[in-house]
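Report on the structure
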Amino acid sequence: MKVRLAVVLTLAIIAAVVAWRSASMPQKPACTAGRHEERDAGGKVVRITHTECLR
């Protein structure tokens, strides 16, 4: 009986810690697929970056 209570309490504490840690972590911003052009001061395209998001 005491062993079962200890196991249940241990699992409850672990679940509480995991829930607390996952709520306090900052979330990643959503990915936006597309094309981004970087230009220099003269207006010429210097670099083109393509972004693809996984589903």
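Provided above is the structure to which this section pertains.
What counts and what doesn't
Residues numbered from 1 in each chain as written. Predicted model: local features only at pLDDT ≥ 70, side-chain atom pairs only at ≥ 80, totals over all residues. Heavy atoms only, no water. Helix = DSSP H or I, 4+ residues; strand = E, 2+ residues; numbered from the N terminus. Rg over C-alpha atoms; globule rule 2.2 N^0.38 Å. Buried < 20%, exposed > 50% of the residue type's maximum accessible area, 1.4 Å probe, protein only. Pairing = 2+ DSSP bridges. Salt bridge = Lys/Arg side-chain N within 4 Å of Asp/Glu carboxyl O. Patch = residues over 30% accessible without salt bridge, like charges linked within 9 Å, V, L, I, M, F, W, Y side chains within 5 Å. Areas by Shrake-Rupley, 256 points an atom, 1.4 Å probe, with all protein chains shown as cover.

So, the overall build of the chain
Helix and strand counts for the chain stand at 1 helix and 2 strands. Going from N to C terminus, the chain has its helices and strands arranged as α-β-β. Since a compact globule built from 55 residues should have a radius of gyration of about 10 Å, the 24 Å found for the chain marks it as more spread out than a globular shape. Structurally, the chain occupies a C-alpha span of about 75 × 25 × 10 Å along its principal axes. Taking all 55 residues of the chain together, 0% fall into the buried category.

What about the pairing of strand E1 (residues 34–39)?
Strand direction decides the pairing type here: E1 and strand E2 (residues 45–51), joined by 6 bridges, are antiparallel. In the strand pairing of E2, Gly34 is matched with Thr51. Joining the antiparallel neighbours E1 and E2 is a turn of 5 residues, in which Gly43 adopts a positive phi near 100 degrees.

Comments concerning the pattern of salt bridges
Scanning the entire structure with this criterion turns up 3 salt bridges. The closest approach of N and O atoms between Glu38 and Arg47, which form a salt bridge, is 3.1 Å. Salt bridges sharing partners connect three or more residues here, namely Arg35, Glu37 and Arg39.

Some thoughts on the environment of Val3
Its location among the elements puts Val3 in helix H1 (residues 2–24). Overall, the relative accessible area of 63% leaves Val3 in the exposed class. Distance in space between the C-alpha atoms of Val3 and Pro29 is 44 Å, their sequence separation being 26 residues.

Some words on a nonpolar patch on the surface
Together, Val3, Val7, Leu11, Ile14 and Val18 line one region of the surface with nonpolar side chains, adding up to about 480 Å² of accessible area. Following the sequence through the fold, Leu11 ends up in helix H1. Residue Leu11 is classed as exposed on the basis of its relative accessible area, which comes to 53%.

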